[in-house]
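# Summary of the model geometry
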Amino acid sequence: MTKYTGFIGTYTKGDSKGIYSFTLDTALEKITDVRLAAELENPTYLTVSNDNQYVYSVVKDGAAGGVAAFSLEQHTGDLTHLNRVLADGAPPCHVSVGKKNKNIFSANYHKGTIDSYLVNDDGTILPASSIVKHHGSGPDPRQEKPHTHYSAFTPDEKYVIAVELGSDKIYTYEVSNGVLQEKNQLSVKAGSGPRHIVFHPNQKYAYVMTEFSSEVICLSYNEKDGSFTEVQYISTLPENFSDNNQGSAIHISSDGQFVYAGNRGHNSIAIFKVDETKNTLTFVEHIATEGNWPRDFAIDPSEKFIVASNQESSNLVLFTRNPNTGKLTLLQSDIKVPHPVCVKFLHV
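The following paragraphs examine the structure supplied in this document. (Residues numbered from 1 in each chain as written. Predicted model: local features only at pLDDT ≥ 70, side-chain atom pairs only at ≥ 80, totals over all residues. Heavy atoms only, no water.)

In terms of helices and strands, the protein chain carries 0 helices and 28 strands. The globule rule puts the C-alpha radius of gyration for 348 residues at 20 Å, and the 19 Å found for the protein chain is close to it. The dimensions of the protein chain, computed from C-alpha atoms along their principal axes, are 45 × 45 × 35 Å. The burial tally for the protein chain puts 58% of its 348 residues in the buried class. Summarising the internal contacts of the protein chain: among those between residues at least 6 apart in sequence, 48% fall at separations of at least 24. Accessible surface, the protein chain: about 13800 Å² in total, of which carbon and sulfur atoms supply 46%. Of the charged side chains in the protein chain, 30 are positive and 39 negative; the average position of the first set lies 1 Å away from that of the second. (Helix = DSSP H or I, 4+ residues; strand = E, 2+ residues; numbered from the N terminus. Rg over C-alpha atoms; globule rule 2.2 N^0.38 Å. Buried < 20%, exposed > 50% of the residue type's maximum accessible area, 1.4 Å probe, protein only. Contact = heavy atoms within 4.5 Å. Areas by Shrake-Rupley, 256 points an atom, 1.4 Å probe, with all protein chains shown as cover. Lys, Arg positive; Asp, Glu negative; His and termini not counted. Charge placed at Lys NZ, Arg CZ, Asp CG, Glu CD.)

The following block contains the structure:
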């Protein structure tokens, strides 16, 4: 296969109208066919079901917010709205789906909650079966209350992990019939603002991107009880950079050799090599994202490319990726998408 379909979640301000799709042509090394796939308000984060039949999105609907379900026509990339589950107040900032398409989890930055939903056989979402509200705060002025930024299954789907930016915590939950129950929690460095987490393929380590301290935290993971232990903190910024920066996305190659972390402000992706024995990180290099405020990026299914989204300059950027060195080389930076946030590819 030389062509892969991707989707972009956006902030619907300016020219943006919803979820956009695009095609990555790996033979031509080019992104083409950017178009509107579904019209809705602020679908800032998306996820694709493992069988590529459904796309789930966060959504704003008037004074309410929640999650929306779409059926996906794989050959055309067209999305058809199935249903949405809403609650009063701000919409969530993150949504994830289990491998069997039976569970959906959303994280709400403004409410400090993780919401759990069960999914019908037709892909539609049932009303929330469990809502857990976090508590606490942190030393940074933006940590005046809980701000949950991520919630998803562990790779073995034994637990659900929530990353709490507002109180510098990583929560582990058990889930049964959609109901969440806390199993463990870890407090990380005060004021760091943990945002997103990725697991190493060996499932014994995980890496957390912090928004405020612009660091990657290497954690060891105990799959028996879902607990984490801090191993390493490493900066995503050059030593001499003192301007405003907010850490954004974090992703790992499927061979577990390289971790990539986004910097909004420095406007770069930091590349790290994973130690084969210790699983700690060594800095490789930064590469500019050729735009302003890189909110997210994605490694394509072939893992030979990375697509980054610059929210404030409204452009996607395409890089080639060297699987041996982890380094990125710029290919294309003039791909216009209004206020892009999240990048997702269909599974292969």
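The next subject is unusual backbone geometry. One non-glycine residue, Asn52, adopts positive backbone phi at about 65 degrees. Mapped onto the elements of the fold, Asn52 is located in the loop between strand S4 (46-48) and strand S5 (54-61).

Bringing the nonpolar core into the picture now. Counting residues in each nonpolar core, the largest one holds 28 residues, and the members touching the most others are Phe7, Ile19, Tyr56, Phe70, Leu79, Ile104 and Ile125. Counting residues in each nonpolar core, the second largest holds 16 residues, with Tyr150, Val188, Phe199 and Ile217 among its members. (Core = buried A, V, L, I, M, F, W, Y, C linked by side-chain atoms within 4.5 Å.)

A few words on the environment of Ala87. If you trace the backbone, Ala87 turns up in strand S7 (residues 78-88). Considering only alpha carbons, one finds Ala87 and Glu223, 136 residues apart in sequence, at a separation of 33 Å.

A word on the pairing of strand S21 (residues 258-264). S21 sits mainly inside the fold: 7 of its 7 residues count as buried. Burial of the side chains of S21 extends over both faces: Phe258, Tyr260, Gly262 and Arg264 are buried on one face and Val259, Ala261 and Asn263 on the other. As judged from the 5 bridges shared by strand S20 (residues 246-252) and S21, these two strands associate in the antiparallel manner. Each bridged residue has a counterpart across the sheet, and for Gly247 the counterpart in S21 is Asn263. Judged from the 6 bridges that link them, S21 and strand S22 (residues 268-274) form a sheet pairing that is antiparallel. Bridge assignment links Ala261 to a residue of S22, and that residue is Ala270. Hairpin connection from S21 to S22: 3 residues lie between these consecutive antiparallel strands, with Gly265 at a positive phi of about 125 degrees. (Pairing = 2+ DSSP bridges.)

Time to look at the sheet that holds strand S14 (residues 169-176). The antiparallel open sheet is built from 4 strands, whose spatial order is S12-S13-S14-S15. Taken across any chain shown, the strands that pair with only one partner, and hence form the sheet edges, are strand S12 (148-153) and strand S15 (179-187). Neighbour-to-neighbour, the strand axes of this sheet turn through a mean angle of 20 degrees, independent of strand direction. Alignment of strand S13 (residues 160-164) against S14, held across 5 bridges, turns out to be antiparallel. Residue pairing for S14: Glu164 is matched across the bridge by Lys169. (Axes fitted to C-alpha atoms, helices over the stretch in contact; angles between N-to-C directions.)

This next bit is on the environment of Glu41. Within the secondary structure, Glu41 is located in the loop between strand S3 (30-39) and S4. The class for Glu41 is partly exposed, based on a relative accessible area of 33%. Through-space distance from the C-alpha of Glu41 to that of Lys17 is 7.0 Å; in sequence the pair is 24 residues apart.

Scanning the model with the defined rule gives 9 salt bridges in all. Lys102 is paired through a salt bridge with Asp121; the nearest N and O atoms lie 2.8 Å apart. Highlighted residues: Lys102 in the loop between strand S8 (94-97) and strand S9 (103-108) and Asp121 in the loop between strand S10 (113-118) and strand S11 (130-133), separated in sequence by 19 residues. Classification of Lys102 by relative accessible area gives partly exposed; the value is 38%. Look at Asp121 and you get exposed, because its relative accessible area is 68%. (Salt bridge = Lys/Arg side-chain N within 4 Å of Asp/Glu carboxyl O.)

Counting across every chain of the model gives 0 disulfides. Cys342 provides the cysteine sulfur closest to Cys93, a residue in no disulfide bond, and the two sulfurs are 11 Å apart. With a relative accessible area of 15%, Cys93 lands in the buried category. (Disulfide = S-S within 2.5 Å.)

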